[in-house]
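The chain contents come next:
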Amino acid sequence: MKTRKPLVAGNWKMNGDTVFNEHLLGELRASLGREPLAAIEIAVCPPFPYLAQAGGLLAGSAIERGAQNVSDRPNGAFTGEVSATMLVDLGCRWVIVGHSERRQSMGETDDDVCAKLTMAAAHGLGIIACIGETLEERESGRTEAVLARQVDALVGAASQAQRGGDVAAPMPAERFVLAYEPVWAIGTGRSASPEIAQQAHAFIRSRLAALAGEGRATRILYGGSVKPENAGSLFAMPDIDGGLIGGAALIADDFLAICRAAAAHSGVSVER
Ligand code: 13P
């Protein structure tokens, strides 16, 4: 039985507007009000300008909010950047770091991602740290080497934050989440099969255990073309602890179906 509480997070990417958000979040909220899925955690990650609007629309609901990025600088003359302090001020619980779209198109390196993780953790934000290989890396047999490099970097930074780093409050283990997102599965409609995803998750978990000795406690989400049709078989895998959802997070019925699939495969017993 899984002991980790699944997390389903919607990464809206650069989508949404005030009217769209009102409809989508209104539907999520109403449905989860009728049918609370207490066995899982649910988060939505809208673009920065809508975090406050989402906060108003979700006030009093169990749906948490996350941001899609954060600056590694505390504040000051960094035009266009958004600080961890601002995200906390807006009531965010989570931040995504290291998404492959940022690694690829903005040139973010492991060091950049770790600096963001450290800053976010120092401000008490939960981290969803993304890793994953490209098609070329997979086809040339380098999947495990790439994952090992990314995990080692992120876990090094996270362990430092968990020990307290330079701040007073250490990051609790459940606030560091990894998301395995094979780049070839993102937005392509071509999800990794449950077996291929499980193989990567098991490798990531063994690496975590070797590095931090806590492999079993850390949640590892799968992301990449998760849909209602494949969510159940992915979440049934022993090392898959929920999902980071792109396109399907923009459709209320699909996102809810994915959340229900995660709840159905949760081993956590909850008191209602
Ligand atoms: P899709 O679900 O659209 O493939 O996107 C996955 C993703 O990148 C989530 O961060």
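Heads up: these notes are all about the structure in this document. (Residues numbered from 1 in each chain as written. Predicted model: local features only at pLDDT ≥ 70, side-chain atom pairs only at ≥ 80, totals over all residues. Heavy atoms only, no water.)

## So, the site of the ligand
Item 1. The ligand sits among Asn11, Lys13, His99, Glu181, Ala185, Ile186, Gly187, Gly224, Ser225, Leu244, Gly246 and Gly247.
Item 2. A distance of 3.0 Å is found between an oxygen atom of the ligand and a side-chain nitrogen or oxygen belonging to Asn11.
Item 3. Contacts to the ligand include Gly246, whose backbone N or O atom sits 3.0 Å from an oxygen atom.
Item 4. With the chains in place, 96% of the 310 Å² that the ligand exposes on its own is no longer accessible.
Item 5. Of the residues in the shell around the ligand, the class split is three nonpolar, seven polar and two charged. (Near = heavy atom within 4 Å. Polar contact = N/O pair within 3.5 Å; in protein donor to acceptor, adjacent residues only side chain to side chain. Areas by Shrake-Rupley, 256 points an atom, 1.4 Å probe, with all protein chains shown as cover. Nonpolar A, V, L, I, M, F, W, Y, C, P; charged D, E, K, R; others polar.)

## Re the pattern of salt bridges
A pair can form between side chains of opposite charge whenever their charged atoms are brought close.
Item 1. Summed over all chains, the structure comprises 15 salt bridges.
Item 2. Between Glu101 and Lys13 there is a salt bridge, with the nearest N and O atoms lying 2.8 Å from each other. One end of the pair, Glu101, is in helix α4 (residues 100-105); the other, Lys13, is in the loop between β1 (7-11) and α1 (18-34), with 88 residues separating them in the sequence.
Item 3. The exposure class of Glu101 is partly exposed, given its relative accessible area of 34%. (Salt bridge = Lys/Arg side-chain N within 4 Å of Asp/Glu carboxyl O. Helix = DSSP H or I, 4+ residues; strand = E, 2+ residues; numbered from the N terminus. Buried < 20%, exposed > 50% of the residue type's maximum accessible area, 1.4 Å probe, protein only.)

## Structural notes on the nonpolar core
Item 1. Judged by nonpolar contacts, the single largest core of 72 residues is most densely connected at Ile127 and Phe176.
Item 2. Those residues in contact with Phe176 that lie beyond four places of it in its chain are Leu117, Ile127, Ala129, Leu154, Val155, Ala158, Gln162, Met171, Thr218 and Arg219.
Item 3. In terms of nonpolar packing, the next biggest core, distinct from the first, is built from 12 residues, Ala9, Cys45, Ile96 and Cys130 among them. (Core = buried A, V, L, I, M, F, W, Y, C linked by side-chain atoms within 4.5 Å. Contact = heavy atoms within 4.5 Å.)

## Details of the pairing of strand β7 (residues 220-223)
Item 1. Both faces of β7 are covered, namely the face carrying Ile220 and Tyr222 and the face carrying Leu221 and Gly223.
Item 2. One ladder, built from three bridges, connects strand β6 (residues 176-180) with β7; its direction is parallel. Bridging across to β7, Ala179 finds its partner in Leu221.
Item 3. Read from β7 through helix α9 (residues 228-235) to strand β8 (residues 242-245), the crossover connection turns out right-handed. (Pairing = 2+ DSSP bridges. Right-handed = clockwise from strand over helix to strand, strands pointing away.)

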